[in-house]
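# Notes for the structure review
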Amino acid sequence: MPPALRAAVAAVAAGAAVAPSFVEISTTWLHSERRHPSTLRTYGWAIRILAERWPATGWATDPRDVIQDLRLNFRPSTANVLTSVLAQLGHYCLSVGLIESTKHWYAKPLPSPTRRYDLTREEFARLMQVGLDHRGTSGPLPALLGLTGVRIGEALALTWTDVEVEASQLNVHSYYSVERRTFALPKTRAGYRRIPLSESLLQALLRWRRDPDPTAFVFPHRRLPQRPVNIDDVRAELRQLATAVGIRATVTPHTLRHAFATVGLQAGLDVRTLSTLLGHSEIAVTLTNYCHVTADSLREVRAHAEQLLEAHQPRTAITDRVPRPKPVKVTALTPRAGRRVHASGRR
């Protein structure tokens, strides 16, 4: 904390000065954080929104009123990000002595609305076949997303130097931020990876190539080749392709990444290998967030149960004639001497 701000906080604690403003404290906290640049940009965006909605009462404000306002005016996912940043800011204010407790600074995350990522294998196959032959603004980008599992930002950052034709593989080492229109490095070491390309996908990429320059983008902007393709065009064309093959659900670029993980797991791909291809630092992320129970897997369970029943079904049909049982000899004991007597009365 800067000495001037530290002295101001100490004066507030002694009751001899006015507390620093929300912007001053939040800006100081932001500069003290050692985070990834993209994370700091997200924090700065959240602080600007919080500063606009923070009341003029200053630090005497009840944070629960601000949290309620955020939940009423933003989507659940956005409100969760804002409340998370507010909680971290509250922890910083507690550490510098500006507040006495962070009891009301934390909020339970809101449940986000579920999206459909469980494309069936037939739908996925149809969409990939159409994506390989696509010649729109984005070219075979839908097929690349579905057959490699890369993130949309990673695909937009690809240049032709990242496509190794002889080795039939793709080098992923950066991503393009769609919101900020900037390039950045992966956040973790797992983000640097090499992904094998199928022969059909490699040939589709080579047919799509427009610029012989090796530093050119694989998917350039239609009017500005020095920039990647517009993400809005990619989303619009992907919706058109999905509708053309009879998929009614909303398909986004991230949907194809989830479908790649689910279909790969159903095809018998090792979980660790799948996690490496997706660029996850932990296998638990792959299993928890990317492997979904689909209608195909449920049908396979039903078919497996039917096979078990057929394997244990008796050979004799129910309609066959049951053989007549043989007569059974019945013996009894006489009341006297315990001699055995036949049922017919003969001894």
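The structure contained in this document is the topic of the report that follows. Just so you know, these numbers come straight off a predicted model, no measurement behind them.

### What about the sheet that holds strand β5 (residues 193-196)?
For sheets, the rule is that strands pair by backbone hydrogen bonds, running either parallel or antiparallel. Spatial strand order, β1-β2-β5: three strands in an open sheet with antiparallel pairing. This sheet does not close on itself; its edge strands, each paired only once, are β1 (163-164) and β5. Sheet analysis places β1 next to strand β2 (residues 169-172), joined by two bridges and oriented antiparallel. Bridge assignment links E164 to a residue of β2, and that residue is Q169.

### A look at the side chain of N171
Looking at the secondary structure, you find N171 in strand β2. Among the polar contacts listed, one links the side chain of N171 to the side chain of E164, at a separation of 2.7 Å. In contact with N171, not counting residues within four places along its chain, are L158, D162, E164, R193 and R194.

### So, the pairing of β5
Covered by surrounding structure in β5 are R193 and I195 only, the residues R194 and P196 on the alternate face being uncovered. Where β2 lies against β5, four bridges are found, and the strand directions are antiparallel. Among the inter-strand pairings, V172 is bridged to a residue of β5, identified as R193.

### Observations regarding the packing of helix α2 (residues 22-32) against helix α3 (residues 37-53)
Between α2 and α3, the shortest axis-to-axis distance is 11 Å and the interhelical angle comes to 170°. If you check the angle between α2 and α3, you find them roughly antiparallel. Two secondary-structure elements touch here, α2 through F22, V23, S26, W29 and L30 and α3 through L40, Y43, G44, I47, L50 and A51. Considering only residue class, the contact of α2 with α3 consists of nine nonpolar, two polar and no charged.

### Some points on the nonpolar core
Counting 48 residues, the largest nonpolar core has L141 and L144 as the members making the most contacts within it. Looking at this core, the elements that each hand over two or more residues are α6 (121-132), α7 (141-148), α8 (152-156), β2, α9 (199-208), α10 (231-244), α11 (253-266) and α12 (271-278). When sequence neighbours within four positions are dropped, the list of residues in contact with L141 reads I152, A155, L156, F219, V229 and V234. Listed in part, the 23 residues of the second largest apolar core include F22, I25, V66 and Y92.

Rules behind the numbers
- Residues numbered from 1 in each chain as written.
- Predicted model: local features only at pLDDT ≥ 70, side-chain atom pairs only at ≥ 80, totals over all residues.
- Heavy atoms only, no water.
- Pairing = 2+ DSSP bridges.
- Helix = DSSP H or I, 4+ residues; strand = E, 2+ residues; numbered from the N terminus.
- Polar contact = N/O pair within 3.5 Å; in protein donor to acceptor, adjacent residues only side chain to side chain.
- Contact = heavy atoms within 4.5 Å.
- Buried < 20%, exposed > 50% of the residue type's maximum accessible area, 1.4 Å probe, protein only.
- Axes fitted to C-alpha atoms, helices over the stretch in contact; angles between N-to-C directions.
- Parallel < 35°, antiparallel > 145°, perpendicular 65-115°, else oblique.
- Nonpolar A, V, L, I, M, F, W, Y, C, P; charged D, E, K, R; others polar.
- Core = buried A, V, L, I, M, F, W, Y, C linked by side-chain atoms within 4.5 Å.

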